Amino acid sequence: MGGSIIYPSINLFVYDLKEGLGQDEKTIALNRRKFYRKIYGNLSEEFLSAALKSLQQRENSEADYIELLETRTLPFEDPENGQYYPVQLGDTYGLVVDYSGKLNPDGKANDDPQPIQFNPVPTPFAPLKQEIEQRLHQQTGSIGQTWLLFGKVADANTPSNDILELAKYCYAQVVPSPNWHRDFVGENSLLGGQLYELNYTPSPAGLTWEELHAKSDRILVWLFPYDIDTEAMKKSVKSLYFDFLCLFHYRHKVTWCYAQGRHLTAELKTEFVSLQKSVDRVAQIPDTVESGKLNLRNLEKTLAETLKTLADYTIKLNYLDAQIRTLKINSHNYETRLTQIADNHTPNNLQALQQFADRRNEHCTAKRYQQKLENDYEFLLPGLTILQNLTSTIGGIIDLEKAKNDRALNNTIAIAGVGLAVSGVAVSVATSDNPPPS
């Protein structure tokens, strides 16, 4: 069913946050531990702690790209034909997991045609993906991940339409409830192979935005023609490891920033709505003052609550602005890296990949994300001014009321002082008229 594949393989590119804006050392250490658990999940706590300490020394917060293992890669145990390749990409951890199944008894990779089938079990890509997921202990990338499925067709006479159908069968093996029409983004050609791009997103019903992000996957299916040598195909894929590692990082960073920004927007909108209640309370203060029923303690409590909201609103608005700026930078980097790939690896037609960040394209995804967050920011920015004016107004009223109370107190003290003075004179007169008994 669906033809056969020679040397079916999967590369998983997975990305985790290394150091987020405003995160303390404890949180950063937790980020590191979660990432390295993907590689060293079977180590005891003692050995894991030693590995973390050693690997931490290789990190550099100022560097854009660092290989995190002295050996560069960590191979799977024999006879598994796979490896881990962890790196640091600025404030992000990147990991490439390369897996092509079990080696033959002679120690060479399996180069026999493997049929695409679903019964009695899906093969060959489903077990490859399952093995990777088990090795990562079912952990996904906090920023995102891309699955790259590749291999070459087993029939020299396979027409292009059949290659497309073959790609559909490959995709159906690695996602639950596959829907090619829904998830298909576009088709590219690169180094003689056809590269199909898909975005899988589960039904959002009942999921938080974090869960939805974690369960979403980006899938690339790269099928090469039969007449390409298998070793040449493997070499072609490896020649793009670094470019893909960077390109996918930029793309996932854009979508992650957008998800973070939309989450911040939802929280800010909730706070923005609550501002109206504070404004309504302050608007009633003049009537309360005139009636003489102003409670200064309650007003001070309102000021404290408003100041807390102001601080929280300011921080979240600044975070939203930071997400917009980070999105713009990574969108630009994506476009630049894709241009380099097109220039350095020919022949190619990367039109589908270019749609994501090509500013000249009205359907550019990154541009729509940026515009949406910028619109959210402009809508929410007046809330900051409202909060600042609100705190100034409440603070001013409190100062005026305290000043009035102080003047009243001063008058009372002055009157009491006069009374005391008069009493003092009276006592002096009485004493002079009636000296104490000797």
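Everything quoted here is computed from the prediction, not taken from an experiment.

A. How the structure looks around the packing of aromatic side chains. Using the criterion set out here, one finds 20 aromatic pairs in the structure. Measuring from ring centre to ring centre gives 6.4 Å for Phe13 and Tyr241, while their planes differ by 90 degrees; the resulting arrangement is edge-to-face. Here Phe13 is found in strand E1 (residues 4–17), whereas its partner Tyr241 is found in helix H8 (residues 241–283), with 228 residues between them in sequence. One aromatic cluster is present, built from ring pairs that chain together Phe13, Trp222, Phe224, Tyr241, Phe244 and Phe248. When the ring centre of Tyr226 is taken as reference, the NZ or CZ atom of Lys152 above it lies at 5.6 Å.

B. Representation of a nonpolar patch on the surface. A contiguous nonpolar patch, built from Leu21, Ile315 and Tyr319 and spanning about 290 Å² of accessible area, is present on the exposed surface. Topologically, Tyr319 is positioned in helix H10 (residues 296–344).

C. View of the pairing of strand E9 (residues 193–200). Across the 8 residues of E9, 6 count as buried, placing the element largely inside the fold. Bridge count for strand E8 (residues 184–190) against E9 is 6 bridges, and the pairing is antiparallel. Its bridge partner lying in E9, Gly186 is registered against Glu197. Hairpin connection, E8 to E9: the antiparallel pair is bridged by 2 residues, and Leu191 has positive phi, about 50 degrees. By the bridge criterion, 7 bridges tie E9 to strand E10 (residues 217–224) in an arrangement that is antiparallel. Bridge pairing in E10 places Glu197 opposite Leu220.

D. Just the packing of helix H1 (residues 25–40) against helix H2 (residues 45–56), in detail. H2 packs onto H1 with a crossing angle of 115 degrees between their chain directions and a minimal axis gap of 11 Å. Here H1 lies roughly perpendicular to H2, going by the angle between them. H2 is crossed by H1, and the crossing has right-handed handedness. Contacts from Arg32, Arg33, Tyr36, Arg37 and Tyr40 in H1 reach Glu45, Leu48, Ser49, Leu52, Leu55 and Gln56 in H2. Across the contact of H1 with H2, the residue classes tally to 5 nonpolar, 2 polar and 4 charged.

E. Up close: the packing of H8 against H10. At their nearest, the axes of H8 and H10 sit 7 Å apart, and the two run at 155 degrees to each other. Regarding the angle of H8 to H10, the classification is roughly antiparallel. As H8 packs across H10, the resulting crossing turns out to be left-handed. Tallied by class, residues from the contact of H8 with H10 come to 21 nonpolar, 10 polar and 10 charged.

About the thresholds
Residues numbered from 1 in each chain as written. Predicted model: local features only at pLDDT ≥ 70, side-chain atom pairs only at ≥ 80, totals over all residues. Heavy atoms only, no water. Phe/Tyr/Trp six-rings, centres within 6.5 Å; stacked < 30°, edge-to-face > 60°. Helix = DSSP H or I, 4+ residues; strand = E, 2+ residues; numbered from the N terminus. Lys NZ or Arg CZ within 6 Å of the ring centre and 35° of its normal. Patch = residues over 30% accessible without salt bridge, like charges linked within 9 Å, V, L, I, M, F, W, Y side chains within 5 Å. Areas by Shrake-Rupley, 256 points an atom, 1.4 Å probe, with all protein chains shown as cover. Salt bridge = Lys/Arg side-chain N within 4 Å of Asp/Glu carboxyl O. Buried < 20%, exposed > 50% of the residue type's maximum accessible area, 1.4 Å probe, protein only. Pairing = 2+ DSSP bridges. Axes fitted to C-alpha atoms, helices over the stretch in contact; angles between N-to-C directions. Parallel < 35°, antiparallel > 145°, perpendicular 65-115°, else oblique. Left-handed = near helix turned anticlockwise from the far one by under 90°. Contact = heavy atoms within 4.5 Å. Nonpolar A, V, L, I, M, F, W, Y, C, P; charged D, E, K, R; others polar.

Read these as spatial facts, not as claims about activity.
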